[in-house]
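Per-entry structural report
What follows is each chain in one-letter form.
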Amino acid sequence: MSSTACPTTWLVTGANRGIGFELVKQLLESPDNLVIATCRNPEKSTALSELKKSAEGALHIIRLDVTDFANVRASAKEVETILGDIGLDYLVNNAAIVAWDSVFDMDPEKLVDILRTNTVGPALISQVYLPLLEKGRAKKILHISSQAGSMASFEELIAEEHRKLGAYALSKAALNMLAYKQKVARPDLIVIALCPGWVKTGKYSMQDMGGEKGLLQPEESIAGIIKVTTSATSADSGKFLRYNGEEIPW
Ligand code: NDP
């Protein structure tokens, strides 16, 4: 357990590497936080296992494949058991996949896979975890989105790479609408879609998101994400924000 009697509780998807892992790491720097790090293969995540050794009970690692709907439902029961009487304060939908395709050559099966992971997963997780969020104090859902899903800022996007993100851009635009619709449906929650910036994660292959060309180190992006998320009020709900708090046009 965290050292506080009633810790601030977080659940992060895709926490075994990249932005998700760095987020868990920085959250554990505060003794007030209790973190549930979720990933597809906990038994293979040596990075999370290492982190757990020094977390003094403040880190729980559970399996959550966001495309496996039965697993998503079962995970909420597991989390409820971990949390006991307290609820979930922050739900962070971070897990995602990418393809460097474009709209006239994207593979329809890949498009379905990307939508399932990046949009349907977060939608179902939000539904399934709603009772735990209702019990929490912060009642915040953070969807890690991308500026690639913004129509209004498309022309500003600096890199040629962004022009190749077909299926991914569709999935993030849909995720943004999910955030907005969730805010409208539940004004008592604070729901934010947030772009972490172009962050150096992975190795810049077809499977990797940020890559070496990224403009930000994970540490800087995540410090901003935590600040923006923890300070967000109901006036920010339904907004599309950058890691530094700037608003991104839809
Ligand atoms: P990475 O590719 O480094 O990490 C992605 C994470 O998602 C991995 O932990 C991966 O797990 C997990 N994941 C993928 N599919 C599933 C699944 N079905 N179930 C559970 N976990 C899954 O990406 P980043 O850390 O760079 O990106 C994190 C978030 O930030 C994403 O939402 C991304 O769209 C967004 N983003 C990133 C940017 C960047 O520049 N890096 C820019 C804009 C947005 P596994 O290890 O098992 O594959």
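Computed from a predicted model, the values in this text were never measured in an experiment.

Thoughts on the nonpolar core
Counting residues in hydrophobic clusters, the biggest one holds 66 residues, and the most contacted among them are V24, V35, A37 and L194. What A37 contacts, discounting residues up to four positions off in sequence, is V12, A15, V24, L48, L59 and I61.

Looking at helix 1 (residues 18–27)
In an α-helix there are 3.6 residues to a turn, and that puts residues three or four apart on one side. Burial analysis of helix 1 places 9 of its 10 residues in the buried class, the great majority of the element. Of all the positions in helix 1, only G18, I19, G20, F21, E22, L23, V24, K25 and L27 are classed as buried. Where helix 1 is buried, its residues touch strand 1 (8–12), strand 2 (33–39), helix 2 (46–53), strand 4 (90–93), strand 5 (140–144) and helix 7 (218–231).

A look at the pairing of strand 2
Most of strand 2 sits out of view: 7 of its 7 residues are buried. Burial along strand 2 is two-sided: the face carrying N33, V35, A37 and C39 and the face carrying L34, I36 and T38 are both buried. Bridge count for strand 1 against strand 2 is 5 bridges, and the pairing is parallel. Looking at the pairing, L11 lines up with I36 of strand 2. Note that the unit made of strand 1, helix 1 and strand 2 has a crossover that is right-handed. Relative to strand 3 (residues 59–63), strand 2 is paired through 5 bridges, and the arrangement is parallel. If you follow T38 over to strand 3, its bridge partner there is I62. For the crossover from strand 2 across helix 2 to strand 3, the handedness is right-handed.

What counts, and at which threshold
Position numbers for residues start from 1 in each chain and track the written sequence from start to end. Only residues with pLDDT of 70 or above have their local features reported here, since the model is predicted, and side-chain atom pairs are shown and tallied only from 80 upward, although totals for entire chains, interfaces and linings are computed over all residues. To form a nonpolar core, buried Ala, Val, Leu, Ile, Met, Phe, Trp, Tyr and Cys residues must be joined through C-beta atoms within 7 Å. Here a residue counts as buried when 20 or more other C-beta atoms sit within 10 Å of its C-beta, as exposed when there are 12 or fewer, and as partly exposed otherwise, the C-beta atoms being derived from the backbone. Contact definition: two residues whose C-beta atoms, as placed from backbone geometry, lie within 7 Å. Numbering of helices and strands runs from the N terminus, with a helix taken as a DSSP run of H or I at least four residues long and a strand as a DSSP run of E at least two residues long. What makes two strands pair is DSSP finding at least two bridges between them. Handedness rule for crossovers: strands pointing away from the viewer, path from the first strand over the helix to the second running clockwise, crossover right-handed.

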